Amino acid sequence: MALRKLVAGNWKMNGTRAALAELAPIASAAAAAPSLDVLICPPFTLVAEAAIKANGIAIGGQDCHTGIKGAHTGCVAAAMLKDVGASYVIVGHSERRCDNNETDAEIRAKAEAAIAAGLTPIVCVGETEAERDEGRAGIVVAGQLEGSVPPAGTAATLVVAYEPVWAIGTGRTPSAGDVAEMHALIRAKLIDLLGEEGQGVRILYGGSVKPDNAVELMAVADVDGALVGGASLTAALFVPIIEATAAL
Ligand code: PGA
């Protein structure tokens, strides 16, 4: 089943207000590609202003807390993101799993908090290079899905991103065959966990998506879009990815 594709940019800890100038050309490209959804996840400091300037593209956060409010210095609740115009939030990115020791259970709780607040969580999974070399990539990703996908997730309220850790920021990507194999495994696992709804949950590929490999990666079966880091920071690189995906 071909799902409506989502091309998402994760700016990570990059960008001050000047970076919001990139949104206008990205919004123009999105308007010219009505067959897909375009999302930018800037740092928290830019979410509110980005939402005002979004002009048709979706805006998301890069993380949220599991709770609604309270004494959690430095944290941001899903409802706060929703309040300033976000519609998505990334949860369980490998940089947070690694840098902040986030567990599958915590990521599931964040995804549930996001859904409760009316945001669509993008739950990230992916194996390390050592895990792939040991032939355990499928087992690792299946385990992450079992632990971090919210059981109440539906096609309309959940997105999953497969991001092999070794492909993030490295310029290396899995072969189209390896991506196909992993996305098929993720699809089967989502159906296992969510029943029929699992058929419609979009599965993004992330990890060194660039203008020159976007067509090959986005054409793979069960790849329902991209989660783009470095190449989402400038319209010059992100727009060609939008255009390549829209042309498929
Ligand atoms: P990259 O990052 O595109 O810079 O590899 C992807 C991601 O971490 O989402």
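Everything numeric in this text was worked out from a predicted model, so none of it was measured.

**Q** Tell me about the site of the ligand, and name the residues and values.
**A** As a matter of local geometry, the ligand sits amid 13 residues, with K12, H93, E163, G169 and S208 nearest to it. Residue H93 places a side-chain N or O atom 2.7 Å away from an oxygen atom belonging to the ligand. The side chain of E163 places a nitrogen or oxygen atom 2.6 Å from an oxygen atom of the ligand. Burial of the ligand by the surrounding chains reaches 97%, relative to a free accessible area of 280 Å². For the ligand, the cavity whose grid points lie within 2 Å of the majority of its atoms is the second largest pocket. When its residues are assigned to classes, the shell around the ligand shows four nonpolar, seven polar and two charged.

**Q** For the pattern of salt bridges, give the residues involved together with the corresponding values.
**A** Tallied over the entire structure, the rule returns 18 salt bridges. One continuous salt-bridge network, built from bridges that share partners, spans D63, R96, E102 and K110.

**Q** Please set out the layout of surface pockets residue by residue, giving values where relevant.
**A** There is about 510 Å³ of room inside the largest pocket. When residues of the lining of the largest pocket are traced back to their parent elements, those giving at least two are α2 (44-53), α4 (94-99) and α5 (104-116). For the lining of the largest pocket, the residue count by class is seven nonpolar, eight polar and seven charged. Considered as a void within the structure, the second largest pocket measures approximately 170 Å³ in volume. Taken together, 18 residues form the lining of the second largest pocket, with K12, G169, S208, G229 and G230 sitting closest to its centre.

**Q** Describe the packing of α5 against helix α7 (residues 137-148), naming the residues involved and giving the relevant values.
**A** At a minimum axis distance of 7 Å, the contact between α5 and α7 shows a crossing angle of 50 degrees. Between α5 and α7, the angle is such that the two are oblique. In this structure, α5 uses D104, A105, I107, R108 and A111 to contact α7, whose residues at the interface are G143, Q144, E146, G147 and S148. Here the contact of α5 with α7 is composed, by residue class, of three nonpolar, four polar and three charged.

Calculation notes
- Residues numbered from 1 in each chain as written.
- Predicted model: local features only at pLDDT ≥ 70, side-chain atom pairs only at ≥ 80, totals over all residues.
- Heavy atoms only, no water.
- Near = heavy atom within 4 Å.
- Polar contact = N/O pair within 3.5 Å; in protein donor to acceptor, adjacent residues only side chain to side chain.
- Areas by Shrake-Rupley, 256 points an atom, 1.4 Å probe, with all protein chains shown as cover.
- 1 Å grid on protein atoms, 1.4 Å probe; cavity = no way out; pocket = protein on both sides within 12 Å on 5 of 7 lines; lining within 4 Å.
- Sits in = over half its atoms within 2 Å of the grid points.
- Nonpolar A, V, L, I, M, F, W, Y, C, P; charged D, E, K, R; others polar.
- Salt bridge = Lys/Arg side-chain N within 4 Å of Asp/Glu carboxyl O.
- Points joined across faces, edges and corners; volume = space filled by probe spheres on them.
- Helix = DSSP H or I, 4+ residues; strand = E, 2+ residues; numbered from the N terminus.
- Axes fitted to C-alpha atoms, helices over the stretch in contact; angles between N-to-C directions.
- Parallel < 35°, antiparallel > 145°, perpendicular 65-115°, else oblique.
- Contact = heavy atoms within 4.5 Å.

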